[in-house]
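Coordinate inspection notes
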Amino acid sequence: KKAIDALKTSEERQEDINAAKAVDDKISLIGEVSLESRLLIEDARASYDALTKEQKELVKQLDTLEAAEKKYQELKEQADKEEIDKAEAASVDKLIETIGEVTLDSGETIEAARAAYDALTNSQKVLVKNLETLTKAEATYGLLVKEQNDKKAAAEVDSLIGAIGDDITLGSKESIETARAAYDALSDEQKALVTGLSNLEKAEAQYLACLLYTSPS
């Protein structure tokens, strides 16, 4: 038991170290502070604040984060509205650039970029250069999610078809009807992904034969 507890403590310690390092990495991304650094600074601060007390103690660059926050506030107070608008738009542009190649793991990054853009004023939005990149990323991500959902829906129907089994009897009625209803409820794109349709149709034909065989003459 002591060995297990020690292993658990070691694993928890490593998790704390990893969590602290992730925050340090975000702080490192801030680099030289400018008015464009707002989102990076806020992201690093939010990640730090989300840590446990033990994890916070392992963060090595808290002073750097606090200095960046102070520097950003000074720059913001010095800047006029036009400079702020340009900086806010550039900050969103930088966030959009972090999306990179769109995958199923890009959802959070895309949503953050969209939220940041939507939070801009109209005068700031017109200064954003990467809006088209964001909208394309949203479209691509939507297609990937749809494809994933379509495959999942088709797989669920294939599972229902597989559950019918090979030995078709009068008792197979419910499982056959359940699989057929699930298949019929799919979209055309999802139906095209079902691999067991022929097995379902075969089961339906065999069940019908059973009905005819057992029906009184």
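Now for a look at the structure at hand. Residue positions are given per chain, counted from 1 along the sequence in the order it is written. Residues qualify for local features only when their pLDDT is at least 70, as the model is predicted, and side-chain atom pairs are given and counted only at 80 or more; totals for whole chains, interfaces and linings, by contrast, use all residues. Side-chain measures were taken over the full set of non-hydrogen atoms in the model, leaving aside hydrogen atoms and water.

1. Quick word on the overall build of the protein
- Per the convention used, a helix needs a DSSP run of H or I reaching at least four residues, while a strand needs a run of E reaching at least two, with both numbered from the N terminus. Looking only at helices and strands, the protein has eleven helices and zero strands in total.
- Ordered by position from the N terminus, the helices and strands of the protein form the series α-α-α-α-α-α-α-α-α-α-α.
- Overall size of the protein, expressed as C-alpha extent along the three principal axes, is 95 × 60 × 20 Å.
- Expressed as a percentage of its 217 residues, the buried residues of the protein come to 30%.
- Charge counting follows a simple rule: Lys and Arg are positive, Asp and Glu are negative, and His as well as the terminal groups are ignored. Charge placement uses NZ in Lys and CZ in Arg. For Asp and Glu, CG and CD serve respectively. With 28 positive and 46 negative side-chain charges, the protein shows a separation of 3 Å between the mean positions of the two kinds. The buried label applies to any residue whose accessible area, calculated with a 1.4 Å probe on protein chains only, is under 20% of its type's maximum; exposed applies above 50%, and partly exposed to all values in between.

2. With respect to the pattern of salt bridges
- The term salt bridge refers to a pairing of a side-chain nitrogen on Lys or Arg with a carboxyl oxygen on Asp or Glu at a separation within 4 Å. For the coordinates displayed, the defined rule picks out 17 salt bridges.
- Notably, a salt bridge pairs Lys81 with Asp85, separated by 2.7 Å at the nearest N-O pair. Within this pair, Lys81 and its partner Asp85 are both found in helix α5 (residues 81–97), separated by four residues, close to a single helical turn.
- The exposed category is assigned to Lys81, whose relative accessible area is 56%.
- For Glu82, the salt bridge goes to Lys86, with nearest N and O atoms at 3.4 Å. Separated by four residues within a single helix, Glu82 and Lys86 lie in helix α5, roughly one turn from each other.
- Ionic contacts of the salt-bridge type, sharing partners, join the residues Arg38, Glu42 and Glu88 into one network.

3. A short note on the nonpolar core
- We define a nonpolar core as any set of buried Ala, Val, Leu, Ile, Met, Phe, Trp, Tyr and Cys residues linked to one another through side-chain atoms lying within 4.5 Å. Counting 17 residues, the largest nonpolar core has Ile27, Ile30, Ile41, Tyr48, Val59 and Leu65 as its most contacted members.
- Mapped by element, the contributors of at least two residues to this core are α1 (2–30), α2 (38–49) and α4 (62–78).
- When checking whether two residues touch, look at their non-hydrogen atoms; a contact exists if any pair is within 4.5 Å. With near-sequence residues (within four places) excluded, Tyr48 lies in contact with Val23, Lys56, Val59, Leu62 and Leu65.
- Counting 15 residues, the second largest nonpolar core, distinct from the first, contains Ile96, Val102, Leu120 and Val128.

4. As for the environment of Asp16
- With respect to the helices and strands, Asp16 occurs in helix α1.
- Setting aside its immediate chain neighbours within four residues, Asp16 contacts Glu54, Gln55 and Leu58.

5. Examining the environment of Lys191
- Position of Lys191 relative to the elements: it lies in helix α10 (residues 188–191).
- For the pair Lys191 and Ala181, spaced ten residues apart in sequence, the C-alpha to C-alpha distance is 12 Å.
- If we ignore the near neighbours within four places in the chain, the residues touching Lys191 are Tyr183, Asp184 and Leu186.

6. A few points about α2
- Here α2 is twelve residues long and its end C-alpha atoms lie 16 Å apart, about the 16 Å a rise of 1.5 Å per residue gives.
- Listed as buried for α2 are Arg38, Leu39, Ile41, Ala44, Ser47 and Tyr48. One less than the residue count of a helix, multiplied by 1.5 Å, gives the span that helix is expected to have.

7. Overview of the side chain of Ser106
- Tracing the sequence through the fold places Ser106 in the loop between α5 and α6 (107–118).
- For the purposes of these results, a polar contact is taken to be a pair of N or O atoms within 3.5 Å, where, inside protein, one atom must be able to donate a hydrogen and its partner to accept one; residues adjacent in sequence count only when each atom of the pair is a side-chain atom. There is a polar contact of 2.8 Å between the side chain of Ser106 and the backbone nitrogen of Thr103.
- Excluding its chain neighbours within four sequence positions, the residues that come into contact with Ser106 are Glu101 and Tyr141.

8. Regarding a nonpolar patch on the surface
- On the surface, a nonpolar cluster with roughly 370 Å² of combined accessible area is contributed by Leu170, Leu208, Leu211 and Leu212.
- Within the secondary structure, Leu208 sits in helix α11 (residues 197–214).
- With relative accessibility at 48%, the residue Leu208 sits in the partly exposed group. Here, patches come from residues exposed beyond 30% relative accessible area and free of salt bridges, joined within 9 Å for like charges and within 5 Å for nonpolar side chains (Val, Leu, Ile, Met, Phe, Trp, Tyr). In these tables, accessible area is a Shrake-Rupley quantity obtained with a 1.4 Å probe, and a residue counts as shielded only by the protein chains included in the view.

9. So, α5
- Over its 17 residues, α5 extends 24 Å from the first C-alpha to the last, a length consistent with the 24 Å expected when each residue adds 1.5 Å.
- Listing the buried residues of α5 in full gives Asp85, Ala87, Glu88, Ala89, Ala90, Ser91, Val92, Asp93, Leu95 and Ile96.

10. A look at the side chain of Asp24
- Its place among the elements puts Asp24 in helix α1.
- Notably, Asp24 is buried but unbridged: the nearest opposite-charge side chain belongs to Lys60, and the N-O separation is 6.0 Å.
- In this structure, Asp24 is in contact with Leu58, Val59, Lys60 and Gln61, ignoring residues within four places of it in sequence.

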